[in-house]
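A closer look at the structure
What follows is the residue order along each chain.
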Amino acid sequence: MSYFMNSEILLGEKLLEVLYILMGLILVYTGIKNLLDKSNPHRYGTGYFWCALGIVIAGGRFIPSMISGVLIFSMTIPAILKKVSKGKSKLPSKEYMQQMSDKLGMKIFIPALSIGVFAIIFALFTKLGALVGVGAGVLVAILILMFYSKNNKPTTFLDDAADMLGTVGPLSMLPMLLASLGAVFTSAGVGTVISSAVGTIVPQGNVVVGIIIYAFGMMLFTIIMGNAFAAITVMTVGIGAPFVLAYGANPALIGMLALTCGYCGTLLTPMAANFNIVPVAMLEMKDKYGVIKNQWFIAIFMFVFQVVYMILFK
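Sequence positions are assigned chain by chain, starting from 1 and proceeding in written order. Whole-chain, interface and lining totals are the exception, using all residues; otherwise, since this is a predicted model, local features are given only for residues with pLDDT of at least 70 and side-chain atom pairs are given and counted only at 80 or more. To obtain the side-chain values, all non-hydrogen atoms of the structure were used and water was disregarded.

**A short note on unusual backbone geometry**
Outside of glycine, negative phi angles account for most residues, and trans bonds account for most peptide bonds. Phi is positive for K82, which is not a glycine, with a value near 60°. Only runs of H or I of at least four residues qualify as helices and only runs of E of at least two qualify as strands under DSSP, and these elements are numbered from the N terminus. As for its placement among the helices and strands, K82 is situated in the loop between α3 (65–80) and α4 (94–104). Three labels apply to residues, based on accessible area from a 1.4 Å probe with only protein chains included: buried if under 20% of the type maximum, exposed if over 50%, partly exposed otherwise in between. Note on K82: relative accessible area 68%, which makes it exposed.

Structure follows, in structure tokens:
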């Protein structure tokens, strides 16, 4: 039995490698497409940025870490100099999209729904993991869309992906870098430094004060890092474990709500690019902080509620 479980886990890892390679190839395609697009005013910077990112994602497991580091560092240069821009779009006309919407009706949501369904199936019933399920769901969604219309060819999806990446721009790499930052902070011993500093403030054994500082730390670090999963490791090592859990607080309740306190920080920061900046770019909103401005009250309300809940039911 354990042999089959280990084999399934190994298969999941191999499939993840395949997904990363496919993702990298799409990024390289985006780079080459922009490099050849003479209508793009920054085609060389744009081409280099996407090709470098694609090589790192596709070959990061196989190329030396020094080379990956150089590529990551170098591709930030055109981004900083604002030499990464969107080329010519190949999106269908609004008339065509409206025509297909009228033809398909509610069936238009089936491809998107299949991605979530496959993610849940793979997470609950296999050892392959939800991420592999998302990849499988995307492939199924592509097949459904090709069944819907003969105009949906493989190049159609590549062009759509390149167009979306061009709309989002360099911000697409921010979540990956911020997620890595959490591991760097943990390895560097930031949690231990925080623990020493907090130890001079929190009265020994005062769990209530520990919870409040832990929750604020989660929200603040998530605002800085843009990723609650990256923040929780550092904050739990530095504050949660020594000043809250060590005194008998329920680890399941405290850990769960501390993470959601971090999510409140996600709602308040432009560093959470996927949630707050990408929608602005895709919807072409005039106010780049418009999403955050509409979320701050909910974030503060939920944060206060969760802190009170932790204190009452710890």
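**What about the confidence of the model for the protein chain?**
pLDDT: the predictor's confidence for each residue, scored from 0 to 100. With 93% of its residues at a pLDDT of at least 70, the protein chain reaches an overall mean of 82. Of all helices and strands in the protein chain, the one with the weakest mean pLDDT is helix α8 (residues 174–187) (69), whereas helix α16 (residues 296–313) scores best (92). Per-residue pLDDT stays below 50 along residues 1–5; that stretch engages in 1 contact with residues further than four places along the chain or on separate chains. Here, residues are in contact when the closest pair of their heavy atoms is within 4.5 Å.

**Some points on a nonpolar patch on the surface**
A cluster of nonpolar side chains, W296, F297, I298, I300, F301, M302, V304, F305, V308, Y309, L312 and F313, forms an exposed patch at the surface whose accessible area comes to about 1200 Å². Its place among the elements puts M302 in helix α16. Relative accessible area serves as the criterion here: at 32%, M302 is assigned to the partly exposed category. Within the patch definition used here, like charges are joined within 9 Å and nonpolar side chains (Val, Leu, Ile, Met, Phe, Trp, Tyr) within 5 Å, considering only residues with over 30% relative accessible area and no salt bridge. Surface accessibility follows the Shrake-Rupley procedure with a 1.4 Å probe radius. Residue values consider only the protein chains on display as shielding. For this document, the term salt bridge refers to a Lys or Arg side-chain nitrogen within 4 Å of an Asp or Glu carboxyl oxygen.

**Focus on the packing of helix α10 (residues 207–225) against helix α11 (residues 228–243)**
Throughout, an axis means a line fitted to C-alpha atoms (over the contacting stretch in the case of helices), and angles, computed between N-to-C directions, take values from 0 to 180 degrees. Contact pair α10 / α11: the axes reach a minimum separation of 9 Å and the direction vectors enclose 160°. By the criterion of interaxial angle, the relationship of α10 to α11 is roughly antiparallel. The two elements α10 and α11 meet at a crossing, and its hand is right-handed. For the pair α10 and α11, contact is made by V207, G210, I213, Y214, G217, M218, F221, T222 and M225 and by A228, A230, A231, I232, V234, M235, T236, I239, G240 and F243, respectively. Here is the rule for angles: anything less than 35 degrees is roughly parallel, anything more than 145 is roughly antiparallel, 65 through 115 is roughly perpendicular, and the remaining ranges are oblique. Here is the rule for handedness: rotate from the far helix to the near one, and if that takes an anticlockwise turn smaller than a right angle the crossing is left-handed, while a clockwise turn gives right-handed.

**Considering the packing of α10 against helix α12 (residues 251–266)**
Across the interface, α10 lies against α12 with an axial gap of 7 Å and an inter-helix angle of 40°. By the criterion of interaxial angle, the relationship of α10 to α12 is oblique. Helix-helix and strand crossings are classified by hand; for α10 and α12 the assignment is right-handed. Contacts between α10 and α12 involve I211, Y214, A215, M218, M219, T222 and I223 from the former and I254, A258, L259, C261, G262, C264, G265 and T266 from the latter.

**Quick look at the side chain of T266**
Structurally, T266 is set in helix α12. By relative accessible area, which is 8% here, T266 ends up buried. Apart from residues no more than four positions distant in its own chain, T266 is found in contact with T222, A228, A272, F275 and N276.

**Thoughts on the packing of aromatic side chains**
What characterises a pair of aromatic rings is the spacing of the ring centres plus the angle enclosed by the ring planes. In this scheme Phe, Tyr and Trp rings, the latter by its six-membered ring, pair at centre separations within 6.5 Å, and the angle between planes marks the pair as stacked below 30 degrees, edge-to-face above 60, and tilted otherwise. Scanning all chains against the criterion turns up 6 aromatic pairs. Ring centres of F49 and W50 lie 4.9 Å apart, and the angle between their planes is 80°; on these two criteria the pair is classed as edge-to-face. Each member of the pair, F49 together with W50, is buried. With centroids separated by 6.4 Å and ring planes inclined at 40°, the aromatic side chains of F118 and F122 adopt a geometry described as tilted. Remark: F122 and F118 occur in helix α5 (residues 110–125); sequence separation between them is 4 residues, near one turn of the helix.

**A few points about helix α6 (residues 130–148)**
Residue count minus one, scaled by 1.5 Å, sets the expected span of a helix. Here α6 is 19 residues long and its end C-alpha atoms lie 26 Å apart, about the 27 Å a rise of 1.5 Å per residue gives. Taken residue by residue, α6 has V132, G133, G135, A136, G137, A141, I144 and Y148 as its buried positions.

**Section: the nonpolar core**
Most often, soluble globular proteins have nonpolar side chains that are buried together. Among the buried residues, those of types Ala, Val, Leu, Ile, Met, Phe, Trp, Tyr and Cys that are joined through side-chain atoms within 4.5 Å form a nonpolar core. Among the nonpolar cores identified, the biggest contains 32 residues, and Y214, M218, M235, I254 and M310 are the most heavily contacted of them. Elements with a contribution of two residues or more to this core: α9 (190–199), α10, α11, α12 and α16. In contact with M310, other than residues within four places in its own chain, are I211, A215, L253, I254, L257, A258 and C261.

**Let's talk about the UniProt feature "transmembrane region" (unreviewed entry) in the protein chain**
UniProt positions are given in the numbering used here, feature names are shortened, and annotations may be inferred rather than shown by experiment. When the UniProt feature table is mapped onto this chain, "transmembrane region" (unreviewed entry) is found at residues 15–32, 44–60, 104–124, 130–148, 174–195, 253–275 and 296–313. As annotated, residues 44–60 comprises 94% helix and 0% strand, and the C-alpha atoms at either end are separated by 23 Å. As annotated, residues 253–275 has a helix share of 74% and a strand share of 0%, and its two end C-alpha atoms lie 25 Å apart.

**Here we look at the pattern of salt bridges**
Under the criterion given, the structure shown has 2 salt bridges. One salt bridge in this structure joins K86 and D163, with 3.5 Å as the shortest N-O distance. One end of the pair, K86, is in the loop between α3 and α4; the other, D163, is in helix α7 (residues 154–168), with 77 residues separating them in the sequence. With a relative accessible area of 9%, D163 lands in the buried category.

**Here's the deal with α12**
For an α-helix, the turn length of 3.6 residues means that residues three or four places apart are oriented alike. If you check α12, its first and last C-alpha atoms are 22 Å apart, about what 16 residues at 1.5 Å a residue would give, namely 22 Å. Along α12, the positions that sit buried rather than exposed are L253, I254, L257, A258, L259, C261, G262, C264, G265 and T266. On the buried face of α12, the contacting elements are α10, α11, α13 (273–276) and α16.

**Side note on the environment of K314**
Residue placement: K314 occurs in the segment after α16. Residue K314 is classed as partly exposed on the basis of its relative accessible area of 39%. Those residues in contact with K314, other than ones at most four positions away along the chain, are V207, V208, I211, G248, A249, N250 and I254.

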